[in-house]
Amino acid sequence: MAKKLLLIDGNSVAFRAFFALHNQLERFTNADGLHTNAIYGFNTMLDHMIKAVEPTDMLVAFDAGKTTFRTKMFDDYKGGRAKTPGEFSEQMPYIKQLLDAYGIQHYELKDFEADDIIGTLAGQADAAGYTTTVVTGDRDLTQLTTDHTTVAVTVKGVSEVERYTPEHVQEKLGITPKQIIDMKGLTGDTSDNYPGVTKVGEKTALKLLKEYGSIEGVYENVDAMKKSKMKEHLIEDHDLATRAKVLATIKRDAPITVGLADLAYAGPDVDKLAEFYTEMDFQSFLKKLHVQSDEPEKPIEFTVLTSANLDELAQFSDHVDFYLEMPTPNYHTSAFAGFAIGADGKWFISRDVELLMKPAVSDLLSSTSITKDVFDMKRTMVGLNRLGIQLGTVDFDLLLVSYLLDTNDNSNDLGSLAEQHGYSDLPSDEVVYGKGVKRAIPDDDQVFFSHLARKLAAIAALKPELLKKLTANEQAPLYDDIEKPMAIVLAQMEMAGITVDSGTLKAMGSQFKERLSEIEQTIYQEAGEEFNINSPKQLGHILFEEMKLPVIKKTKTGYSTAVDVLEKLAPEAPIVANILQYRQISKINSTYVVGLLDAIHSSDQKVHTRYLQTLTQTGRLSSVDPNLQNIPVRLEEGRKIRKAFIPSHDGWQIFSSDYSQIELRVLAHITGDANMQEAFKEGDDIHAATAMRIFNLKSPEDVTPNIRRQAKAVNFGIVYGISDYGLSQNIGITRKQAKSFIDSYFREYPGVKAYMENIVKTAHEQGYVETISHRRRYLPDIHSKSFNQRSFAERTAMNTPIQGSAADIIKIAMIKMQDRLKAEGLKATMLLQVHDELIFEAPKEEIPVLEKLVPSVMDSAVKLDVPLKVESHFGDTWYDAK
DNA sequence: CTCTTCACG
DNA sequence: ACGTACGTGAAGAGT
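Scoring rules and cut-offs
- Residues numbered from 1 in each chain as written.
- Chains lettered and ligands numbered in written order.
- Predicted model: local features only at pLDDT ≥ 70, side-chain atom pairs only at ≥ 80, totals over all residues.
- Heavy atoms only, no water.
- Patch = residues over 30% accessible without salt bridge, like charges linked within 9 Å, V, L, I, M, F, W, Y side chains within 5 Å.
- Areas by Shrake-Rupley, 256 points an atom, 1.4 Å probe, with all protein chains shown as cover.
- Salt bridge = Lys/Arg side-chain N within 4 Å of Asp/Glu carboxyl O.
- Lys, Arg positive; Asp, Glu negative; His and termini not counted.
- Charge placed at Lys NZ, Arg CZ, Asp CG, Glu CD.
- Helix = DSSP H or I, 4+ residues; strand = E, 2+ residues; numbered from the N terminus.
- Pairing = 2+ DSSP bridges.
- Buried < 20%, exposed > 50% of the residue type's maximum accessible area, 1.4 Å probe, protein only.
- Core = buried A, V, L, I, M, F, W, Y, C linked by side-chain atoms within 4.5 Å.
- Contact = heavy atoms within 4.5 Å.
- Axes fitted to C-alpha atoms, helices over the stretch in contact; angles between N-to-C directions.
- Parallel < 35°, antiparallel > 145°, perpendicular 65-115°, else oblique.
- Left-handed = near helix turned anticlockwise from the far one by under 90°.
- Nonpolar A, V, L, I, M, F, W, Y, C, P; charged D, E, K, R; others polar.

## Brief notes about a negative patch on the surface
Turning to step 1, where the next piece is worked out: Together, Asp32, Asp269, Asp271, Glu275 and Glu279 make up a region of like negative charge exposed at the surface.
Turning to step 2, where the next piece is worked out: For aspartate 269, the location among the structural elements is in the loop between α12 (238-248) and α13 (270-280).

This is how it looks when you write it as structure tokens:
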């Protein structure tokens with residue numbers, strides 16, 4: 001049988017696992033107080049790789065200690081690295097125990113790194129005709145790839161890997177695997193703390209290697225190079241380059257005392273492994289072990305609810321768990337598959353949703369004194385409402401609570417979410433119902449009912465610990481006073497829906513179609529052939545190969561034809577302007593005319609969006625089916641779509657109010673910057689005020705529209721976590737100018753500068769950032785070795801408290817608004833939220849009332865150190881509410 | 001099912 | 001030297 005060898009870089013993978021589950025550090029502890037996140041992650045990776053590779057032979061290599069032949073060669077090798085956390089080191093011995101239970105060889109060798117052991121064995125395996133897979137978190141090992149050895153580098157978490165073959169290395173890096181060490185030799189390696197040739201980075205190295213093949217090749221030809229700074233650096237740093245290459249070179253002949261013959265893998269010792277899992281408190285792995293050993297899954301007890309035993313529900317007088325199964329995501333239209341209700345291990349299940357309408361059930365559901373524990377209360381409310389049932393007080397919503405605890409846990413599948421919280425007695429819907437076209441509610445009552453009963457059991461089991469965590473995070477008010485009432489308000493808005501006039505849309509659609517075919521013909525003439533203008537690939541071919549226009553930007557897969565590129569090309573050829581025009585109309589037509597028409601419910605001529613309350617990383621809502629948060633407004637052509645959005649009654653109008661510069665006001669508040677706060681308190685035009693400050697202007701008259709535009713871009717940039725490059729691209733200035741703008745900005749607004757520095761530091765220390773309402777976002781990448789990932793996390797750390805606090809504020813305003821509309825007995829209905837804007841429909845005569853009421857509710861939603869400003873508009877359609 | 005593009009705040 | 005603004009959803013093309 002063909003030999004398949006799996007080699008694992010133990011330290012590197014364990015380290016990846018540790019950081020992948022770093023924000024769960026406290027959840028992963030066993031009864032002895034041992035942290036287990038790295039062990040758990042390592043196990044996940046092992047299972048994953050064994051399943052993928054099906055190895056006949058295996059070995060996990062570890063580093064033997066701090067000193068190696070490399071540190072002897074160069075004292076500072078891997079110097080300057082942060083100290084390994086104690087929570088990590090304590091887990092290493094247990095990872096080796098885990099491997100023993102698995103029956104996997106592990107090995108370390110004094111003076112050598114794990115890489116060298118792997119390199120040596122991979123070499124032997126290649127010679128012996130094995131197929132080898134190397135697993136590591138370290139990209140440098142890709143130098144080991146050959147036709148028979150692939151290197152799998154962990155990319156995200158521990159179970160997702162990128163597989164490097166020689167072809168993939170070539171494609172990705174532009175060099176052969178063998179040349180990686182020459183590359184490292186020239187550039188050095190900051191994370192391992194050794195330098196290469198001064199001023200030579202990846203780009204330059206690539207050029208040199210393309211021309212000369214290797215470091216040796218470079219130096220054979222160095223004398224012949226024409227005089228340049230680079231040549232001087234090359235000559236000066238010859239020794240450094242040679243040394244760096246040696247440091248980067250993985251040994252293929254380490255004096256190891258294991259051989260290929262010792263690596264046979266026969267599968268785990270199940271008893272030993274079970275014992276280990278029990279000690280580590282790994283419930284889910286234990287369960288999988290039992291499934292594999294054909295031990296039957298523990299059955300769950302339930303009662304089938306019928307019209308004959310409804311009276312049994314009377315036993316629930318304090319709280320019930322409830323779950324309504326709707327097979328498709330859109331709960332406005334989905335069928336009903338069944339439901340489950342009960343408490344404390346007594347579960348009642350039925351497929352017959354008609355039963356819900358019987359008083360024995362509906363009274364229970366609509367009761368305000370008997371509280372409900374559910375998964376996704378908004379979905380449940382809308383579903384029940386379609387059956388004519390009100391959902392009364394909800395105490396616990398597993399979906400909402402999970403999201404608040406960690407915005408990354410936003411799966412909409414109860415089973416997966418429960419698993420994330422360490423609860424393993426509920427398979428995912430995908431497992432029970434299937435996926436894709438095969439997805440279906442099981443015909444077998446036992447299977448289906450057990451699954452529903454398990455869902456209730458999961459909700460009940462997780463409730464106490466999750467609520468406790470919520471309190472520990474100081475998030476109970478966020479949950480009780482914001483997200484839960486928010487869910488109710490959103491359900492009401494979604495059910496209300498907004499009327500869309502299909503006649504208006506259809507008329508626009510036929511106009512667009514006509515114009516499209518005209519422009520299409522012109523484009524074909526200019527191109528000299530017919531092609532699909534909507535295909536970036538075909539369009540790229542025409543523009544850059546046939547017509548030879550200059551290539552400004554490339555994407556991963558070809559030429560970029562994005563707007564900013566085409567705008568630069570417009571003066572070159574008339575076809576470009578026509579393409580831009582075509583694109584614009586085509587987008588409006590397909591997404592907003594055709595798409596919106598598809599979404600209109602024939603029963604009421606309305607669209608009923610769904611707001612996703614547990615999706616965004618910042619606390620904002622998102623809107624789907626259809627998305628009503630991105631209806632065109634910036635360009636007149638598209639803005640006309642808004643004419644189709646009309647009130648649902650004659651004599652009514654659309655009314656809208658929006659926060660003016662809410663994010664900058666939040667910025668002024670949370671940074672405490674005195675200068676910025678003063679501008680808002682004085683009621684100044686903030687962009688003009690910023691312009692006067694950063695450009696040092698004496699009078700407001702000096703603020704030209706262009707200067708104001710630039711200041712506005714800087715203000716936005718600050719909110720996004722600015723970079724000089726980003727700003728320069730945005731307003732078309734040089735990077736140097738952008739940098740000087742930013743410097744002036746921070747000089748003029750020192751509070752903002754201090755805040756930005758602090759928040760990044762805070763994110764580093766605690767691993768997350770918070771909004772004014774204690775909404776929390778974890779930023780695991782803040783510890784990343786990769787400059788890119790880390791920088792992204794840092795910008796996110798700066799932006800999230802601002803964007804998220806603004807989201808908190810409008811949510812609070814919406815809850816208060818809904819209360820007031822009811823209290824004042826108004827017919828006005830809140831219909832839409834677009835991040836900083838609320839849209840209503842109301843009888844004409846209520847408009848004057850709303851003009852006072854809505855802004856006053858919105859601007860007093862929370863008390864900040866700066867005033868909030870609200871502007872209102874109204875008209876016969878959404879278009880006219882401007 | 002991923003990529004690119006483009007609509008919004 | 002590195003390679004970039006923050007947060008979303010939908011459509012169409014092409015694998």
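Anyway, onward from the coordinates.
## Examining the sheet that holds strand β15 (residues 498-500)
Turning to step 1, where the next piece is worked out: In spatial order, the strands read β16-β15-β19; together these 3 strands make up an open sheet with antiparallel pairing. Unpaired on one side and paired on the other, β16 (606-607) and β19 (645-646) mark the two borders of the sheet.
Turning to step 2, where the next piece is worked out: With 2 bridges joining them, β15 and β19 adopt antiparallel strand pairing. What sits directly across from valine 500, in β19, is phenylalanine 645.

## Here we look at the pattern of salt bridges
Turning to step 1, where the next piece is worked out: Applying the stated criterion to the full structure yields 35 salt bridges.
Turning to step 2, where the next piece is worked out: Here aspartate 116 makes a salt bridge to arginine 70, at a shortest N to O gap of 2.9 Å. Here aspartate 116, found in helix α6 (residues 114-127), pairs with arginine 70, found in helix α3 (residues 69-73); they are 46 residues apart in sequence, far enough to count as distant. Across the pair, arginine 70 and aspartate 116 agree in class, each one buried.
Turning to step 3, where the next piece is worked out: The partner of arginine 708 in a salt bridge is aspartate 685, with the nearest N and O atoms 2.8 Å apart. Residue arginine 708 is found in helix α30 (residues 705-720), and its partner aspartate 685 is found in the loop between α28 (674-681) and α29 (686-694); the two are separated by 23 residues along the sequence.
Turning to step 4, where the next piece is worked out: Residue class for arginine 708 comes out partly exposed when judged on its relative accessible area of 27%.

## Some remarks on the nonpolar core
Turning to step 1, where the next piece is worked out: The biggest cluster of nonpolar side chains holds 186 residues, and the ones touching the most others in it are Ile341, Leu356, Ile641, Phe645, Tyr659 and Tyr745.
Turning to step 2, where the next piece is worked out: Here phenylalanine 645 is in contact with Ile498, Thr499, Val500, Leu596, Val607, Leu628, Ile631, Ile654, Thr877 and Trp878, once residues within four sequence places are set aside.
Turning to step 3, where the next piece is worked out: Within the second largest apolar cluster, 44 residues are counted, among which are Ala122, Tyr130, Leu208 and Ile256.

## Digging into the packing of helix α8 (residues 180-187) against helix α9 (residues 202-212)
Turning to step 1, where the next piece is worked out: One can describe the packing of α8 onto α9 by two numbers: an axis separation of 9 Å at closest approach and a directional angle of 130°. By the angle class used here, α8 and α9 are oblique. Where α8 crosses over α9, the two elements pack in a sense that is right-handed. Taking contact as the criterion, the partners of Asp182, Met183, Leu186 and Thr187 in α8 are, on α9, Glu202, Ala205, Leu206, Leu208 and Leu209.
Turning to step 2, where the next piece is worked out: For the contact of α8 with α9, the per-class residue count stands at 6 nonpolar, 1 polar and 2 charged.

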